[in-house]
Structure formats: C-alpha cells, structure tokens
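Architecture at a glance
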Amino acid sequence: MTHSTKYIFVVGGVMSGVGKGITAASIAKIIQSRGIETTAVKIDPYVNVDAGTMNPTEHGEVFVLDDGTECDQDMGNYERFLNRSLTKTNYMTTGSIYLSVIQKERNLEYGGRQVEVVPRIPLEVIDRLGKAATKNKAKVVITEIGGTVGEYENILFLEAVRMLKLKKPEDVALVLVSFVPALGAGGTELKTKPTQHAVRSLNSVGLHPDFIMARAHIPLDKKRKEKLEFMCSIEQGNVVSAPNVENIYDVPLNFEKDGLGEKIFKKLGLKSRIRDMKDWKKLSGAAKNSRKETKIGIVGKYFGSGDFTLTDSYISVIEAVKHAAYALKMKPIIEWLDSEEFSAQGGKSLKKLSGYGGIIVPGGFGGRGVEGKIAVIRHCRENKIPYFGLCYGMQLAVAEFARNAAGMKKANTTEINPKTPFPVIDILPEQKKNVEEKNYGGTMRLGAYPALLKKGTIAYRAYVSGHRSLVSGRISERHRHRYEVNPKYIERLEKKGLVFSGVSLDRRLMEIAELPRFDAAHRKRETHPFFLGTQFHPEFKSRPLHPHPLFSEFMKAAARSKKK
Ligand code: GLN
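Procedures and definitions
Residues numbered from 1 in each chain as written. Predicted model: local features only at pLDDT ≥ 70, side-chain atom pairs only at ≥ 80, totals over all residues. Heavy atoms only, no water. Phe/Tyr/Trp six-rings, centres within 6.5 Å; stacked < 30°, edge-to-face > 60°. Helix = DSSP H or I, 4+ residues; strand = E, 2+ residues; numbered from the N terminus. Buried < 20%, exposed > 50% of the residue type's maximum accessible area, 1.4 Å probe, protein only. Pairing = 2+ DSSP bridges.

1. A look at the packing of aromatic side chains
Counted by the stated rule, this structure contains eleven aromatic pairs. Between the aromatic rings of Phe-63 and Phe-540, the centroid separation amounts to 4.8 Å while the plane-to-plane angle is 65°, which identifies the pairing as edge-to-face. Taken together, the residues span a long stretch of sequence, with Phe-63 in strand 3 (residues 63-64) and Phe-540 in the loop between strand 21 (531-534) and helix 21 (549-560) at a distance of 477 residues. Take Phe-63: its relative accessible area is 0%, and that puts it in the buried class. We classify Phe-540 as buried; its relative accessible area is 4%. Ring plane angle 55° and centroid distance 5.7 Å describe the contact between Phe-530 and Phe-554, whose orientation is recorded as tilted.

Now the structure itself:
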C-alpha cells in the first residue's frame, strides 16, 4: 500500500529535559516495527549552524554522523533506536535554516522578491523535511522541535507545522510531551495545570496536539488522564502515561502496551499487518537479566553543577558500554572519575583504579586534567587494567607510551604543549590553516573514513568476531579531531611494542593503537589484558542490537579481570 508522506511532530511542554528525544525515537521505533520506513529529524532552535561549536558541558555530547554532520545527542538516540545511519537532512538549526535562505537570496533564487521571514523560513523547514523523507526513503518523518512551546525561539518551527497541517491535515500529527509535576519529594498527587497551559500556548499559535505524552515520575492515573482529555480537548485515549523508566529501551515497549502505535496509525490513516518487536523485547530482557556486575570508570574533567551532566556529555560512550555489556549478560556500573583528582593527588588516587574492571578515557579537547588522564593511562598500562581510549584517549595513550615506555621524556600532543621535544601527536597538516584563521565551525576531520586493519591484532579479531563486514580488512568509522599521531615517531613507538593495528587507506594516519595481549616469545603469557585506543569514535556506531566490536572486546577483558 502506498501512502503519502506522513509527518509527526514532537514538541515539549512545561520544561525542557523531559525526554522528548527518547519519546520521538520510541514513536519512530514502533512505527518502524510495523514495517513502515520511518526517519527522525531534530530541529534545534539556536543560531549555531550546527552543534560542532558548542561546548559539551553546556549542550551535551556533540554527535557525529557518517557524512560529518556535527549534531545534537538526540540524533544518536534516533540512530540507536532505528538502527539506521542518518544524514545531514535529518538535522537543522535556526542558524542553518537562515543560512540557506540568505544564501538563496544572495543567489537571486527568490527572483527579486522581498524575502520575508514568514513564509520563507517555515517553507525552508518544510522543504527540508521533504528532503529528509526522500533521502531516507521514509514514509513517516518524525520531527522533534527543540525547546518548549511558548518560547520565542521555536515559534517559526511551529509555524511550519501549522502551514503543513493546513495543507495536509490528514498527514500531520502533533504530539506534546509535557511534564506533569507532583508537589513535594515523592509526591503522588500529579498536577495537570502546567500542561493545560502548554496546550493553550500551542493553541495561541494555531495548533492543537493530537496526543499528550504525560511525563511524570510515576504513571498517570485514570482520573488525571481524563482531566487532561477534558480540559485540553484531547480525543479519549490519546493522553498517554510516560513514567520514568530504568532502561530507555523499554519505552517503545511501554508505548506499545498502551496501544500508542494503533492510535497513531488511526490518526494518520496508516495500515500495516506487521508488528515485530521481537528483537527489541529480547534486548529489554537481556538488560533485565544482566547480572554480572562490572565497574567501568570513565575519566573526564569535572563540570561542576551545570545544566548538563557528565552523562549528557558522554551519552554515546555510556550507551555503547551498555550495548556491549547486555550482549555479554553483564551489568555495567559506570562511575565518573575526575581527571584532575589524579593530577593533584597522583599515587594515592591511582590505587583506586584497581577496583575497576576497565577504564575509559573518552574524547576531549584542551589542557585541563590532561596530566591526570596520562597518569591514569600509565597506571592502567603498568598494572594490567583494561584500558580503552577514544580519540583524545588514544592520543594521550600514545603520548604516555612515548614518555614512559619509549624514552621520549615530556612527549606530548602539540594541542597541549606546542614546544614539546617529542610532538608525538601533532595537528593534521590540513587543519593548520583553519586554526590559524580561526575557522573552527565544521572544519575538523569529520565523519566516516575507511581504515585498514592489520591481521592478527586485537582489533582485527574483534571486528571479525563482531561480524562486522570486513571486506579486505576494511572498516569505516566516524571521526572528529584536528590532531593525529605524528608519522615521524611511528617507527620508534613500534619498536618499543606499540602496534598500530588500524591505519588510513594511504597508511598515513594511525587509526588504532594497541598493545599485544600476549608476549610474542611466550605465546601464552598475557602481557596486557586490553590496552587499545582509537583515533575515531566507535561509540557513535554502536547500536543496542549490534554492539560495537571494540566495546565488546573491552567488556570481555573487563569481565576477565574479575573486578567489581
Ligand atoms: N582534541 C583532540 C583533537 O582535536 C581529540 C578530539 C576528540 O577527542 N574528539 O584531535
């Protein structure tokens, strides 16, 4: 059966941070599970052209797509829930919309007419949503509009919804994800009034929600549902309870239990006989049955109390650990380690590392906490604690190895010390000009690049056993960096035992560095359970049902090290 493209918009009421992204991803998932190709779009209402120039401590993780788009962390949720790789058509910001309208104006594409904010900006949004459908071959496009209704910032996006709905009323559904608070700690009397106001606010821009997802710390009782239906004129049954859950991957299953799929299909006139959530149920079951607790430490700089927590800033790393763990029936206990604590206190703090099954140093920029991270890496290397370095974590592992195992005292990345006697990590030649000219937006080495794996290495075996297609030893992984291993030092590092198990196709860029697990002379003697770093970000390609092979290998090593 062919349908015209259907559009679902997800907007937020009362306050931000109530899980619009997970709600949108879950709705997309249940539609997809009924055999209808679905894609998800995120609209962010800020003027930044993309998320690349934003500090993760303020905005959360910068997610990277295959095509190099630097975007909001919600895009990661979409990819993980849908098991699809999305493209730049799936992401837009106020800045990017204005930029293209202004560029079109400069190119005389509006034929000499006056270019007005309305309708031009909303029309550009609608045009891009159509492109997202085409590019992703999707019948349903689900779009999350950032921010909260009633703010100035997203008003033009709501105008786009209004215009689209006016043209194709039967093809558009609007979902309001609203917070329903209770007074007092542990309160059970949920208050619907703020949500009623949010609906009024939507009404004032000519919109009315078809569904209300009521986010609360507990399930919404029948009386409250009826009250919201009555006060907000919502069709009976279309107020859906969305209580807090322990595992985000349970949300689609909970929505289906509430019959949300059926209701959305009815609203949009969609039909399908397929309903296949088998794999997803298995995943949810695996998460519940994962009992072997393993402590994983993630070393980052402490952010203090801001809007965004460490969890927001490293969300893909955390999810990748979980995906790998669940498949191995392990229950990961993730703890944050403040890198500055290690630089300040050194040895004393380092002792506590042996309490972890494994340590991760994730991506990062700048000098704060770097010496602490290097001290952690050294401790892991010397004390056989499984270590996994992601991007910055790989670069710092190379610097640590150079300093302490290859006799290059004070070796460093030039990002931290441009005058180091051993610049083992240096800026990519093609990046130099950008930095000199302060041309920062979208100029890093970004997106998916292929790499070649060396046979017989930990990385090679991991990818083979992870069933990743390894056509002629090739992988493809996502990048976001300006610096790389300096080719001048490769030979010297290799001589001392560091193995570059993944390299770019032209063999110029080192993509993976590792220490062999076993002593070459005595094949059975383990020299290190797992010491590996990647110049790319494997976490961006981990999916709940397809854990990333390197994360799986790291978690296996963590399990073997049998520490809690
Ligand atoms: N700061 C390093 C670089 O630019 C690492 C970047 C990262 O970890 N994403 O190369």
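2. Examining the pairing of strand 20 (residues 510-514)
Taken residue by residue, a regular strand's side chains alternate between the two faces of the sheet. Of all five residues in strand 20, five are buried, a share of seventy percent or more. Sheet analysis places strand 19 (residues 499-504) next to strand 20, joined by four bridges and oriented antiparallel. Counted as the bridge partner of Val-499 is Glu-514 from strand 20. What sits between the antiparallel neighbours strand 19 and strand 20 is a turn of five residues, in which Arg-507 has the positive phi angle 60°. In terms of strand pairing, strand 20 meets strand 21 through three bridges, oriented antiparallel.

3. Brief notes about the pairing of strand 1 (residues 6-13)
Of all eight residues making up strand 1, eight are buried, and the element is well covered by its neighbours. Every second residue of strand 1 is oriented toward a common face, with Lys-6, Ile-8, Val-10 and Gly-12 on one face and Tyr-7, Phe-9, Val-11 and Gly-13 on the other, all of them buried. As paired strands, strand 1 and strand 6 (residues 140-145) are joined by five bridges and run parallel to one another. Across the sheet, the residue bridging to Ile-8 is Ile-142, located in strand 6. Across seven bridges, the pairing between strand 1 and strand 7 (residues 172-179) is parallel. Directly across from Val-11, in strand 7, lies its bridge partner Leu-176.

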